[in-house]
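# Examining the three-dimensional arrangement
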Amino acid sequence: MILVVGGAGYIGSHCVKELVKERSVIVLDNLSTGHFWAIDEKAIFIEGDLRDEKVVEKIFLSYKIDAVMHFAANSLVSESVNNPIKYYENNVAGTLNLLKQMVKHNINNFIFSSTAAVYGIPKENVITEESFTNPINPYGKSKLMIEEMLRDFQSAYGLNYVVFRYFNAAGAHSSKEIGEDHEPETHLIPLILQHLLGKREKIKVFGTDYDTLDGTCIRDYIHVTDIAIAHILGLDALLYKRIDNNIYNLGNGHGYSVKDIIDMCERVTGKKATIEYESRRIGDPARLIASSKKIREQLGWETEYNLNKIIETAWEWHINKNLNKILK
Ligand code: UFG
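A brief report on the enclosed structure follows. Bear in mind the structure is a predicted one, so any value in this text is a computation, not a measurement.

## Some thoughts on the overall build of the protein chain
Per the secondary structure count, the protein chain includes ten helices and 14 strands. Its C-alpha radius of gyration of 19 Å places the protein chain within 12% of the 20 Å reference for a compact globule of 328 residues. Across its three principal axes, the protein chain shows a C-alpha extent of roughly 55 × 50 × 40 Å. Put simply, the protein chain has 328 residues, and 55% of those count as buried. Across the protein chain, every contact between residues at least 6 apart in sequence was considered, and the portion connecting residues at least 24 apart equals 76%.

Given below as structure tokens:
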């Protein structure tokens, strides 16, 4: 049985959809940012907070857990700058509590959601797992602290772990049942699509003077189901002892500028965006592109979704969600 902490959130709920095909799954989520409706009905759901020792302990006493996947975190860069307590409390202290209970109950397999934000402003055009880590905001720092905690837990208690550093997760499940649904929404693709659906007046472009071809920031967009598949591969490798503790980047290896993304959204939807150019957003590196060679070579991971398909699935989900709201 697999415990998925944060299984009601965007990436967690997509991983649960893949996991339930082959395994029994328990989701622990406090529903602070996740949604009850996003949890696959084949999973057992427990509403609770990972900082609550009693809740976590009860799960470990009641079920035979083979591995824990941990997606539950606050993940807004600007919020983390203004409210670091929230990030060190929820992300770092919360994870410490979870890991303490795992050690106590002798549960040794852990899969952790980390982020490209651990690299800060990288020097390389394409980032490998060996690239220097130097996070520039509390969100990235909180994730890097946990990665370091995992190394210490490995050597002291024999915890086995896989860390995935996500680049820009995007897109939606092919069923159109779940997708990216944050409140407030700050991510580029859902903001553009909401605008093209008529739910926002315009789309703002933050910064046109970056050292990139068209002056806007470049990111590596990776489909959320491709991320989920990486978790399945990581889990199998951990459970069947095919890998040691490892860190993997998850990206497509292609960089797209903010303008590229707007163009692609216009093409996919057949609608024209109203754009407003603004100054840079604080803390945005000019370019983040992943090398995911390591996971491709070691775990045989292949991505299925290119940018066009990422935006198509996201658009289908937005339309479907809108339709359901109108029908209700
Ligand atoms: N952007 C705009 N207008 C918007 C929103 C975003 O121009 O309205 C730009 C941003 O400035 C950035 C790009 O679009 O250049 C992508 O922004 P997102 O907010 O969609 O994603 P980020 O790259 O900022 O964030 C992602 C993850 C974070 C993670 C970070 C690592 O969502 O969790 O990558 O750098 F920390």
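## Structural notes on the pattern of salt bridges
This model, assessed by the stated rule, comprises 18 salt bridges. A salt bridge links Lys17 to Glu177, with the nearest nitrogen and oxygen atoms 3.2 Å apart. With Lys17 in helix α1 (residues 10-19) and Glu177 in the loop between β7 (168-170) and α6 (188-196), this pair connects stretches of sequence that are 160 residues apart. According to the relative accessible area criterion, Lys17 is buried, its value standing at 12%. Its salt-bridge partner being Glu53, residue Lys100 comes within 3.4 Å of it at the nearest N-O pair. Residue Lys100 is found in helix α4 (residues 84-104), and its partner Glu53 is found in helix α2 (residues 53-62); the two are separated by 47 residues along the sequence. For Lys100, a relative accessible area of 42% puts it in the partly exposed group. Among the ionic contacts, a cluster of salt bridges with common partners joins Lys17, Asp40, Lys42 and Glu177.

## Some words on the layout of surface pockets
If you add up the space inside the second largest pocket, you get close to 400 Å³. Lining the second largest pocket we find 17 residues, and of these Trp37, Glu177, Ile178, Trp317 and Asn324 sit closest to its centre. Broken down by element, the lining of the second largest pocket gets its largest block of residues, five residues, from helix α10 (residues 307-327). Grouping the constituent residues of the lining of the second largest pocket by class yields five nonpolar, two polar and ten charged.

## Some thoughts on the sheet that holds strand β12 (residues 256-257)
Ordered in space as β12-β9-β14, the three strands form an open sheet in which the pairing is mixed. The open sheet terminates on both sides in strands that have one partner only, identified here as β12 and β14 (287-288). Here two bridges tie strand β9 (residues 218-219) to β14, and the two strands are oriented parallel to one another. In the sheet register, Arg219 faces β14, and the bridge partner there is Leu288.

## A short note on the site of the ligand
Surrounding the ligand, one finds 20 residues, the nearest of these being His187, Lys204, Arg219, Arg281 and Asp284. Lys204 is positioned such that a nitrogen or oxygen atom in its backbone is 2.7 Å from a nitrogen atom of the ligand. Its free accessible area being 690 Å², the ligand has 91% of it covered by the protein chains. Those elements that provide at least two residues to the shell around the ligand are α6 and β8 (203-206). No other element matches β8, which puts three residues into the shell around the ligand.

The rules we used
Residues numbered from 1 in each chain as written. Predicted model: local features only at pLDDT ≥ 70, side-chain atom pairs only at ≥ 80, totals over all residues. Heavy atoms only, no water. Helix = DSSP H or I, 4+ residues; strand = E, 2+ residues; numbered from the N terminus. Rg over C-alpha atoms; globule rule 2.2 N^0.38 Å. Buried < 20%, exposed > 50% of the residue type's maximum accessible area, 1.4 Å probe, protein only. Contact = heavy atoms within 4.5 Å. Salt bridge = Lys/Arg side-chain N within 4 Å of Asp/Glu carboxyl O. 1 Å grid on protein atoms, 1.4 Å probe; cavity = no way out; pocket = protein on both sides within 12 Å on 5 of 7 lines; lining within 4 Å. Points joined across faces, edges and corners; volume = space filled by probe spheres on them. Nonpolar A, V, L, I, M, F, W, Y, C, P; charged D, E, K, R; others polar. Pairing = 2+ DSSP bridges. Near = heavy atom within 4 Å. Polar contact = N/O pair within 3.5 Å; in protein donor to acceptor, adjacent residues only side chain to side chain. Areas by Shrake-Rupley, 256 points an atom, 1.4 Å probe, with all protein chains shown as cover.

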